[in-house]
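Listed below, chain by chain, are the residues.
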Amino acid sequence: MKSFLGPFCATFFVVLFILMMQFLWLYIDELVGKGLGLGVILEFMGWGGCTIIPTALPLAVLLAAMMTMGNLAENNELLAIKAAGVSLARVLAPLTVIAVAISIGGFFASNNLIPVAYNKIFTLRNDILRTKNEIKIPEKSFYDGIDGYVLRIEERDESGMMHGVMVYNHTSNKGNVGLTIADSAMMKISPDKSYLTFELFDGTNYEETNTRKYRDTTLQLQKIDFKHQELVISLKNYAFQKSEAGEFKDEIKALNLKKLNHQKDSLGGLNDNLIESHILSVTNSHTLRYNKQLDTTKRGISYNFEPENVDQWDNLTQEIDAYYRAASQAEEMVTSLSSYARDSYQYNYLLRRIDEGIFKKFALALACFIFFFIGAPIGALIRKGGLGTPAIISVLFFVLYWVIDVTGTKLARDGAVDSFTGVFISAYVLLPTGAFLTWKAINDSALFNLDTMKAKIRKVKRLIGGLFHKTRIVYMGTPDFAIAPLEELIKNKYNIVGVVTVPDKASGRGLKVNESAVKKYAVAHNLPVYQPEKMKDPEFIEAMKALKPDLFVVVAFRMLPKVVWEIPKYGTFNLHAALLPQYRGAAPINWAVINGENVTGVTTFMIDEGIDTGKIMMREQIKISDDDTAGTIHDKLMELGSRVVVQTVEGIMENDIEYRLQKTFIQGDEQLRPAPKLTKELCHIDWNGSTRNVRNLIRGLSPYPAAYADLVKDGGEPVSMKIFATTAAGDDVLCGQTYEPGTILSDGKTYLAIATADGALRIDEMQLAGKKRMDVKSFLLGFREPQSYKAV
């Protein structure tokens, strides 16, 4: 509550001050130049500020709620409160009490304070308008600001003395009959501004009678020279005079609920009487012969309209006369009804205004309450409490409210909608908005998923751009890992103009020709396939240039020479199955698991002359669990890499991607680990290692090429056994003893374990040379006396 009340008070007075400055700007022309005292101006501004409360109060509640919850979220206080088990709904509860109190206060201000303010300010403004501007006579021009006189001066010196003075007297009903010309003059106004005194020096008075007689048509002229003369002119309305605040007490804005309801009852009665008189006039009118048929169900009149001989005439002339007479009577009735509508318009308009005034009293309170449940969720969701993005969003909501409110009020005054709908139409729009934002905040949902929005925007831009120029991509890859990114590019409507993969190779006992996984997929989807023996083959290079590619995408393929990767317009990028610059090389997935890493990921980078050294564009990571193997990580990275490849292509084509040197990802003295090719020596398990290291090796080589051990029995040939899955052995196997590394422990039925330097590993899945992969129980059914063997 304390954190809300401070910003609320500050925001309210700041907003009120800003709106008062705008209010002052509107009426500045009426205030200046009239010699108004500071007290009058302050009173005018004070009552004007009260009339601005319906605008300032909801905006202050909105901004204060946003700032309060935004500051709590920005400083992680809201996070700590939630971590303690207190929900956001509980946090909002005391603030809701304040919001209700402010809403109730807003209602009483709207009903008791604001009507008084309008009455006062209407009266003050009327008094100010009656007050005339101060007398300031300009040089070398005629000034008619004084009633009955026109003055002109040549110049005015620093002491205020005027020179070359001319005073035309128009006070007589006979016109301009008097003129005073003086060398100089001084002007003084009485303290109460009731009269003006001119002290004239060295001048002449000219005065005509301007009167003609029947026999004597001559005009008399009187000329009087003087050295010093005082001219006293009476002034009226030059001093501000405050009148009683009663002239505007019946204005709708100056009425409270009680008076508005009284006015509504009075006007409603008058309007009902007028309608009754109109109905009576129509029903008693003889303009139409069957006028009682004009009103049926509403008044209970239900005459059957079956007049006799209504459409029968003796001749054509009678028929024509009947039609003319009917048209004339219909026009006369239309005129009467239009007159009735004009008579009742004023009553209907005033009744709509009164209904509007009644509903406005409650609309202010409701607006304050709704804006609290808009501002608070915005602050909690955006997690900023300053005058940045949250404030802009909040003000936009207020502008929306203001525009809808003004529009609805105008529609209600014009009678296009009823008064209730016109006044509360802004609540119809903002109440669901506030409920939605509050629900999002309570459930910790993101206000906007920027990544999703950006992806949709990019997709739309790409689709539009594709109508004019489709991105031409050449895809290069070989194994299964490269299929998913290619498939994702096709799903996103990219134009794959060619697929490059390794040549077919004969292998196996029958020298059967094997095709790469990427080639099989490309052929199935009717994509052109290129299988160069050498990447520098001139024919292959020319074929690539002929495709006019925008981009080369490389996933799990061989090294490319510069003459190839520099062909595309936007370059060539590679998807690497590790978080570069770590694990550069051919087997990043395996080595990440072998080395016991907790995280790995994928990286897209632009190919350069080095090995996996180009500038990085995107990196996405995943966790490696204790049960993950190279096979499971392979599948996870294949799915992740598919999305990253598409995002990278989008970023490159839209020029919305950042290129970063790989060294910028190296933290402190972090050592880079390579990912060289896997060798047979690496796959041979050394049981002298720790249990953890041996298990990581087995996980990192499973399912392919798989770690193996040779099982040796005294006097026998070694038997090779691939190991795919293991778990650390417990006391049920070790029985508190230590064993020489390589010792096989087994009960012959349910488990088989091999001792390491600091424990033992239970073998869960294995495969003997020439046999199938099987679990330990199946293996022990056919492998007798395992304890007699040793793993080397």
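In short, a report on the structure.

Thresholds applied
Residues numbered from 1 in each chain as written. Predicted model: local features only at pLDDT ≥ 70, side-chain atom pairs only at ≥ 80, totals over all residues. Heavy atoms only, no water. Helix = DSSP H or I, 4+ residues; strand = E, 2+ residues; numbered from the N terminus. Buried < 20%, exposed > 50% of the residue type's maximum accessible area, 1.4 Å probe, protein only. Contact = heavy atoms within 4.5 Å. Areas by Shrake-Rupley, 256 points an atom, 1.4 Å probe, with all protein chains shown as cover. Expected span 1.5 Å × (residues − 1). Patch = residues over 30% accessible without salt bridge, like charges linked within 9 Å, V, L, I, M, F, W, Y side chains within 5 Å. Salt bridge = Lys/Arg side-chain N within 4 Å of Asp/Glu carboxyl O. Polar contact = N/O pair within 3.5 Å; in protein donor to acceptor, adjacent residues only side chain to side chain. Pairing = 2+ DSSP bridges. Axes fitted to C-alpha atoms, helices over the stretch in contact; angles between N-to-C directions. Phe/Tyr/Trp six-rings, centres within 6.5 Å; stacked < 30°, edge-to-face > 60°. Lys NZ or Arg CZ within 6 Å of the ring centre and 35° of its normal. Parallel < 35°, antiparallel > 145°, perpendicular 65-115°, else oblique. Left-handed = near helix turned anticlockwise from the far one by under 90°. Nonpolar A, V, L, I, M, F, W, Y, C, P; charged D, E, K, R; others polar. Lys, Arg positive; Asp, Glu negative; His and termini not counted. Charge placed at Lys NZ, Arg CZ, Asp CG, Glu CD. Core = buried A, V, L, I, M, F, W, Y, C linked by side-chain atoms within 4.5 Å.

**Notes on the overall build of the chain**
Along the backbone of the chain there are 20 helices and 24 strands. For the chain, with 792 residues in total, the buried portion stands at 42%. For the chain, long-range pairs separated by at least 24 residues make up 66% of all intrachain contacts whose partners lie at least 6 apart in sequence. Accessible surface, the chain: about 44400 Å² in total, of which carbon and sulfur atoms supply 55%.

**Concerning helix α2 (residues 38-51)**
Taking 1.5 Å of rise per residue, 14 residues should cover 20 Å, and α2 covers 20 Å from first to last C-alpha, within 8% of that figure. Regarding α2, the residues found buried are Val40, Phe44, Met45, Gly48, Gly49, Cys50 and Thr51.

**Quick notes on a nonpolar patch on the surface**
Together, Val395, Val399, Trp402, Val403 and Val406 make up an exposed nonpolar region whose accessible area comes to about 410 Å². Assignment of secondary structure puts Val406 in helix α8 (residues 389-414). For Val406, a relative accessible area of 41% corresponds to the partly exposed category.

**Points about the environment of Arg584**
Among the secondary structure elements, Arg584 is positioned in strand β14 (residues 584-585). Here Arg584 falls in the partly exposed class, since its relative accessible area comes to 27%. Each C-alpha atom, one on Arg584 and one on Ala675, is 5.4 Å from the other, the two residues being 91 residues apart in sequence. Setting aside chain neighbours within four positions, we find Arg584 in contact with His576, Ile611, Asp612, Thr613, Gln662, Leu672, Arg673, Pro674 and Ala675. In terms of polar contacts, Arg584 uses its side chain to reach the backbone carbonyl oxygen of Asp612, at 3.2 Å.

**A short note on the sheet that holds strand β7 (residues 472-477)**
Ordered by their spatial adjacency, seven strands build an open sheet running β11-β8-β7-β12-β13-β15-β16, and the pairing between neighbours is mixed. Each having just a single partner strand, β11 (529-530) and β16 (616-623) make up the two edges of the open sheet. One ladder, built from two bridges, connects strand β8 (residues 495-500) with β11; its direction is parallel. Residue Val500 lies in a different strand from β11, and its bridge partner there is Tyr530. Contacting β7, β8, β12 (551-555) and β13 (572-576), helix α11 (residues 483-491) runs over the sheet at an angle of about 160 degrees to β8. Running at roughly 155 degrees to β16, helix α16 (residues 630-653) makes contact with β7, β12, β13, β15 (599-606) and β16 of the sheet.

**A word on the packing of aromatic side chains**
Using the criterion set out here, one finds 20 aromatic pairs in the structure. Taking the ring centre of Phe142 as reference, the NZ or CZ of Arg152 above it sits at 5.6 Å. Sitting over the ring of Phe724, Arg773 keeps its end group 4.1 Å from the ring centre.

**Notes on the pattern of salt bridges**
One side chain can pair with another of opposite charge once the charged atoms of both are near each other. What the rule picks out here adds up to 19 salt bridges. Linking Arg353 and Glu356 is a salt bridge whose minimum nitrogen-to-oxygen distance equals 3.7 Å. Taken together, the positions of Arg353 and Glu356, both in helix α7 (residues 316-382) and three residues apart, correspond to about one turn of that helix. Glu356 shares its class with Arg353; the two are buried. Among the ionic contacts, a cluster of salt bridges with common partners joins Arg353, Glu356 and Arg413.

**As for the pairing of strand β5 (residues 195-208)**
Where strand β4 (residues 178-189) lies against β5, 11 bridges are found, and the strand directions are antiparallel. Across the sheet, residue Ser184 finds its bridge partner in β5, namely Phe201. Turn length for the β4-β5 hairpin, with the two strands adjacent in sequence and antiparallel, is five residues, and the turn residue Lys193 shows positive phi of about 55 degrees. The sheet contact formed by β5 and strand β6 (residues 221-234) spans 13 bridges and is antiparallel. Paired with Asn205 across the strands is Ile224, a residue of β6.

**Remarks on the packing of helix α3 (residues 53-74) against α8**
Orientation of α3 relative to α8, taken along the N-to-C sense of each, is 150 degrees, at an axis distance of 10 Å. Taken together, α3 and α8 sit at an angle that is classed as roughly antiparallel. Read as a crossing pair, α3 and α8 show a hand that is right-handed. Here α3 contributes Thr55, Pro58, Leu59, Leu62, Leu63 and Met66 to the contact with α8, which in turn contributes Pro390, Ala391, Ser394, Val395 and Phe398. Residue composition of the contact of α3 with α8, grouped by class: nine nonpolar, two polar and no charged.

**Things to note about unusual backbone geometry**
Here Leu580 and Pro581 are connected by a cis peptide whose omega angle stands at 10 degrees. If you trace the backbone, Pro581 turns up in the loop between β13 and β14. Between Tyr704 and Pro705 the backbone carries a cis peptide bond, its omega angle lying at 0 degrees. Not every positive phi belongs to a glycine, and Lys140 is a case in point at roughly 60 degrees. When you line up the elements, Lys140 lands in the loop between α5 (88-130) and β1 (149-152). By relative accessible area, Lys140 is classed as exposed at 57%.

**Considerations on the side chain of Arg695**
By secondary structure assignment, the location of Arg695 is in helix α18 (residues 691-700). Residue Arg695 is classed as buried on the basis of its relative accessible area of 17%.

**Here we look at α16**
An ideal rise of 1.5 Å per residue puts 34 Å on 24 residues; α16 measures up with 33 Å between its terminal C-alpha atoms. Positive phi appears at Asn655, one or two residues downstream of α16, with a value of about 55 degrees.

**Quick word on a negative patch on the surface**
Negative charge collects at one region of the surface, where Glu139, Glu155, Asp157 and Glu158 lie side by side. Along the chain, Glu155 falls in strand β2 (residues 155-156).

**Comments concerning the nonpolar core**
Of all hydrophobic cores here, the largest spans 75 residues; its most connected members are Val553, Phe573, Leu637, Val649, Trp687 and Ile754. Top element by residues in this core is α16. It accounts for 10 residues. Membership of the second largest hydrophobic core comes to 61 residues, among which are Leu36, Ala60, Met67 and Ile374.

**A short note on the packing of α11 against α16**
Interaxial distance between α11 and α16 falls to 8 Å at its minimum, and their mutual angle equals 45 degrees. Taken together, the axes of α11 and α16 lie oblique to each other. Crossing of α11 over α16 shows right-handed handedness. Taken together, the residues of α16 that come into contact with α11 (itself represented by Ala484, Pro485, Glu488 and Leu489) are Met638, Ser642, Val645, Val646 and Val649. A breakdown of the residues in the contact of α11 with α16 according to their chemical character gives seven nonpolar, one polar and one charged.

**Overview of the environment of Gln737**
Inspection of the secondary structure assignment puts Gln737 in the loop between α19 (731-734) and β20 (744-746). In sequence terms Gln737 and Gly759 are 22 residues apart; their C-alpha atoms lie 9.1 Å from each other.

**Here we look at the environment of Gln582**
Here Gln582 is to be found in the loop between β13 and β14. Overall, the relative accessible area of 12% leaves Gln582 in the buried class. For the pair Gln582 and Ala675, spaced 93 residues apart in sequence, the C-alpha separation works out to 8.4 Å. Ignoring anything within four residues of it in the chain, the contact list for Gln582 reads Glu670, Gln671, Leu672 and Arg673.

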